Amino acid sequence: MLAALVFLDSGEATAYAGSGKVVCNERGLCRVVADDTIPTPGQAGGDQQASNGNAAKPKCYDSLVGNQEVPCYLKNYGYWANGRNCYFQQADPQPAAGDPRWEGHDPADGAIYDAYCPDNPNMTSQWFAQPPAEGAAVDPAVLALEAVKKMTLRGPDVANPRAAGTYTVGVPMWMWVNQSATTYGPQSASATAGAVTVTATAKVSKIVWRMGDGATVTCAGPGTVYAASAGMGESPTCGHLYTTTSASAGSGKYEVTAASTWAIDWQVTAGGGQTGQLTEIRQTQTQVAIGELQVVR
């Protein structure tokens, strides 16, 4: 029976596991959950009571590995803290006052805990004013990020300017994008850890166009589709006027970048009432050829 938790690559972990359970993260790093893990932490009675004294069985999840459920207690490593994605147990003995692990805190104000973080092996200790409660610290902001990962947020689907088109110096250019759930929104996704569920909704709030000639244009919406009836008029919502040709550009075309700002609102839809906001940037590149009108005499 294994008596330790080890951090190995997937091949080594498989060979070492014996009758233990191998759990791997998305980077291929694995941990072997030993057979002496308490399988039902949080049950009433004995040393299987929850670390916070609650007789109710807690739920413990690794939010960095797809909210995978993990043992709440590992012998020699302590108790898992949701949101922090680490096992903690109070260091014995405590470091001397002034030790860097106190992070400048007075030893009377808390304690140093040894940390085992399967997804961050460089994290070996942390100061806490209060003991980190088993299965308690579900961070809604972390779950919001997990929800965003489930979405497919892409850069703008540029409809105009078209890479195959040729545009003219001094003639207003109209810029607009096609709208879909993945390129403009809105779209939503949820993530759950224990009793907490966070739902996030994303929508593009603005598009910043870098036109390749040194100009930057910020458009608050998707732009307006050009209609022949507009003639030589400027776009009412999103446009640019080139004053030089693209002949001197490296490819003979201007490199145009359209960057979408995705505004994401999240809220705890189960297990609390918190809300928050996130921002993500996605971009698309294209090229445009700008020429001059030729005068026929």
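See the structure shown above.
Here is a short report on the structure shown in this document. Given the structure is predicted, the values throughout are model-derived calculations rather than measurements.

### Details of the overall build of the protein chain
- Each helix and strand in the protein chain was counted, giving two helices and 20 strands.
- Counting across all 297 residues of the protein chain, residues that qualify as buried make up 41%.
- Considering only contacts in the protein chain between residues 6 or more positions apart, those separated by 24 or more positions represent 59%.
- Surface exposure of the protein chain reaches about 15200 Å², of which carbon and sulfur atoms provide 50%.

### So, the state of the cysteines
- Scanning all chains against the criterion turns up two disulfides.
- Disulfide pairing places C86 opposite C117 at an S-S distance of 2.0 Å. Across the S-S bond linking C86 and C117, the dihedral sits near 105°, which makes this disulfide right-handed. On the criterion of sequence distance, the pair formed by C86 in strand β8 (residues 86-90) and C117 in the loop between β9 (111-116) and β10 (125-128) is long-range, its members being 31 residues apart. One exposure class covers both C86 and C117, and it is buried.

### Things to note about the environment of T197
- If you trace the backbone, T197 turns up in strand β16 (residues 196-210).
- Under the relative-accessibility criterion, T197 is labelled buried at 17%.
- Spatially, the C-alpha atoms of T197 and T269 are 5.6 Å apart, while their sequence positions differ by 72 residues.
- The contacts of T197, once residues within four sequence positions are left out, are S190, A191, T192, Q267, V268, T269 and A270.
- A polar contact is formed between the side chain of T197 and the side chain of T192, at a distance of 2.9 Å.

### A few points about the nonpolar core
- Counting residues in each nonpolar core, the largest one holds 36 residues, and the members touching the most others are W209, M211 and Y242.
- Contributions of two or more residues to this core are made by α2 (140-150), β15 (187-193), β16, β17 (216-219), β19 (254-270) and β20 (275-291).
- Among all residues touching M211, those that are not within four sequence positions of it are M173, M175, V217, H240, Y242, Y254, E255 and V256.
- One finds A81, F88, Y113 and A115 within the second-largest nonpolar core, a separate group that totals eight residues.

### Re the pattern of salt bridges
- Summed over the entire model, instances satisfying the criterion amount to three salt bridges.
- The closest approach of N and O atoms between R101 and D99, which form a salt bridge, is 3.0 Å.
- Note on R101: relative accessible area 37%, which makes it partly exposed.
- A residue is classified by how much of its surface remains accessible, and D99, at 22% relative accessible area, is partly exposed.

### A closer look at unusual backbone geometry
- With an omega dihedral of 5°, the bond running from D92 to P93 counts as a cis peptide bond.
- One can find P93 in the loop between β8 and β9.
- Going from G185 to P186, the amide bond is cis rather than trans, its omega being 0°.
- Of note in this structure, E103 is not a glycine but carries a positive phi near 55°.
- Along the chain, E103 turns up in the loop between β8 and β9.

What counts and how
Residues numbered from 1 in each chain as written. Predicted model: local features only at pLDDT ≥ 70, side-chain atom pairs only at ≥ 80, totals over all residues. Heavy atoms only, no water. Helix = DSSP H or I, 4+ residues; strand = E, 2+ residues; numbered from the N terminus. Buried < 20%, exposed > 50% of the residue type's maximum accessible area, 1.4 Å probe, protein only. Contact = heavy atoms within 4.5 Å. Areas by Shrake-Rupley, 256 points an atom, 1.4 Å probe, with all protein chains shown as cover. Disulfide = S-S within 2.5 Å. Polar contact = N/O pair within 3.5 Å; in protein donor to acceptor, adjacent residues only side chain to side chain. Core = buried A, V, L, I, M, F, W, Y, C linked by side-chain atoms within 4.5 Å. Salt bridge = Lys/Arg side-chain N within 4 Å of Asp/Glu carboxyl O.

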